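A look at the structure
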Amino acid sequence: MRTTELVEGFRHSASYVNAHRGKTFVVMLGGEALAQSQFRSIINDIALLHSLGIKIVLVHGARPQIDEALAAHNLSPEYYNGVRISDEESFRVIKQVVGGLQLDITARLSMSLSNTPMQGAQINVVSGNFVIAQPLGVDNGVDYCLSGKVRRIDVAGLRRQLDNHGIVLLGPVAASVTGECFNLTAEEVATQIAVKLKADKMIGFSAKEGILDGNGEVIAELMPTDAQRILSELTEEDNWCVGTRAFLQASIDACRNGVARCHFVSYLDDGALLQELFSRDGIGTQIVTESAERLRRATIADIGGVLDLIRPLEQAGVLVRRSREQLEMEIEQFMLIERDGLVIGCAALYPFEEDNAGEFACLVVHPDYRDADRGSILLKNIIGQAKVRGYARLFALTTRSIHWFLEHGFQIVEVDALPDKKKQLYNYQRKSKILALDL
């Protein structure tokens, strides 16, 4: 990496470092992730998050490791409705596997050797009875034996440990009020903790980069309803592991119960966790309660963001140059599309009340975000505003985007069709095309 790339990377991630500091993340490492060579890098990245002031509850799974250990003991895994039946003989093996994995993760988080990403790290890893379990019981005559579910979460205890700068590490085995232990699913443990702690994020890992569309492309963002539809349409041929399906359902449940964002990233891509959390577009899929983008009216605080967006087009001669003072006077006429604090689109509606018309002006979309027709979103909003004001016509001047306006219903008109005040300001040297839309 060149020095400039390194510097730009730091600068770009700074806003996310500030945004994430002091927040609570529940990270779920499924057994599939633990079995990969990237496991050590993921643990290092989790330690890095901790060093940046993020409060972390790490929940690990053990599904494939348990199945392998049962097979080694000549025990066949039994399931009913997708839930493991844990009889006493199987549960002895399960406890050994889960305990071993928990010790391995603790050891990795305790490492602080020189010349490693963990150098100088002193992390307190805390495990304990923060999750209280209860048995699943009997369903349609099937006894789940020692398989259980979450009864309650010790929220106050978890918060004490997080406030004391520890990483809380929990597995899929938990004790009950009767002194027994039960086998839970890591997805349920992670979801219940995220909901009860009011966590800012829940993060999980899968073999794929995220949730993919029909063309194999990563879907950057999904609402819970859309995620549920995708989950319901999956078939066995889709080749999703049980853990990935389970975490997708867990993400949907968590979002519907107040967790703002759940992230899917790949355990095969080195650094995917950091890229997802510290870049504007991420690398995986977010299940969100509301979009990371929002359309809103500009305020005086947005001057800098709007200038950054429009200056390159002004310098290229595509837009007429506006001074900062002029923009400050006109800023209330602007609508913005904002993504994680970055202005990625803008447009203005200038009023010509005496002519019962408005001008659609200064339409700009950031070059990295021109693939989702955000210009049309801005135009639709401006048209709505113009109609509310009772305007009969919306007009626009352009030198480069004539066809775009024609596709959206505008017609080319002559200079005489402009409102009188605008006609007096028309620059005949630019020879901008004039387009109008009857409302």
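Here's a quick rundown of the structure. Residue indices begin from 1 for each chain and proceed along its sequence in written order. Reporting of local features is limited, given that this is a predicted model, to residues whose pLDDT is at least 70; pairs of side-chain atoms are given and counted only at 80 or more, and all residues count toward the totals for whole chains, interfaces and linings. Side-chain measures here rest on the full set of heavy atoms in the structure, leaving out hydrogens and waters.

Observations concerning the packing of aromatic side chains
Our working definition: Aromatic pairs are defined between Phe, Tyr and Trp rings, using the six-membered ring for Trp, whenever the two ring centres lie within 6.5 Å; interplanar angles under 30 degrees are classed as stacked, those over 60 as edge-to-face, and all others as tilted. The way it works is that DSSP assigns letters per residue, a run of H or I at least four long becomes a helix, a run of E at least two long becomes a strand, and they are numbered from the N terminus. Per-residue accessibility, obtained with a 1.4 Å probe over protein chains only, is compared with the maximum for each type, and a residue is labelled buried under 20%, exposed over 50%, and partly exposed between these values.
The full count for this structure, using the stated rule, is seven aromatic pairs. Centroid distance Phe247 to Phe264: 5.1 Å. Interplanar angle 90 degrees. Geometry classified as edge-to-face. Placement of Phe247 in helix 9 (residues 242–256) and of Phe264 in strand 15 (residues 261–266) is noted, with a sequence separation of 17 residues between them. Per residue, the accessibility class of Phe247 equals that of Phe264, and both read buried. A ring pair is formed by Phe360 and Phe405, whose centres lie 6.0 Å apart and whose planes are at 75 degrees; its orientation type is edge-to-face. Of this pair, Phe360 sits in strand 20 (residues 357–365) while Phe405 sits in helix 14 (residues 402–407), and the two are 45 residues apart along the sequence. Linked through ring pairs, Phe360, Trp404, Phe405 and Phe410 together constitute an aromatic cluster.

Looking at empty space enclosed by the protein
Put simply, the test is: With a 1 Å grid laid over protein atoms only, a set of points is called a cavity when a 1.4 Å probe fits there but cannot get out and a pocket when it is open yet has protein on both sides within 12 Å along at least five of seven lines; lining residues have an atom within 4 Å of a point. Grid points are joined across faces, edges and corners, and a volume is the space filled by probe spheres set on the points. Three classes are used: nonpolar for Ala, Val, Leu, Ile, Met, Phe, Trp, Tyr, Cys and Pro, charged for Asp, Glu, Lys and Arg, and polar for all others, with Gly counted as polar.
What the rule picks out here adds up to one cavity of 30 Å³ or more. Each pocket or cavity is described by its volume, and for the largest cavity that value is around 40 Å³. Per element, the largest residue contribution to the lining of the largest cavity is three residues, and it comes from helix 3 (residues 39–51). A per-class count over the lining of the largest cavity returns five nonpolar, four polar and three charged.

A few points about helix 3
Stated formally: A helix's residues, less one, multiplied by 1.5 Å, set its expected span.
For helix 3, with 13 residues, the first-to-last C-alpha span of 19 Å sits near the 18 Å given by 1.5 Å per residue. For helix 3, every residue scored as buried is listed here: Phe39, Ile42, Ile43, Asn44, Asp45, Ile46, Ala47, Leu49 and His50. Remark: Gly53 follows helix 3 within two positions and exhibits a positive phi of approximately 90 degrees.

Here's the deal with helix 8 (residues 224–233)
Operational definition: In this context, the arc is that of the directions from the helix axis out to the C-beta atoms.
Those residues of helix 8 lying buried are Pro224, Ala227, Ile230 and Leu231. For helix 8, the buried positions fall inside an angular range of 120 degrees around the axis, keeping them on one side. Of the residues in helix 8, the exposed ones pointing more than 90 degrees away from the buried face are Thr225 and Ser232.

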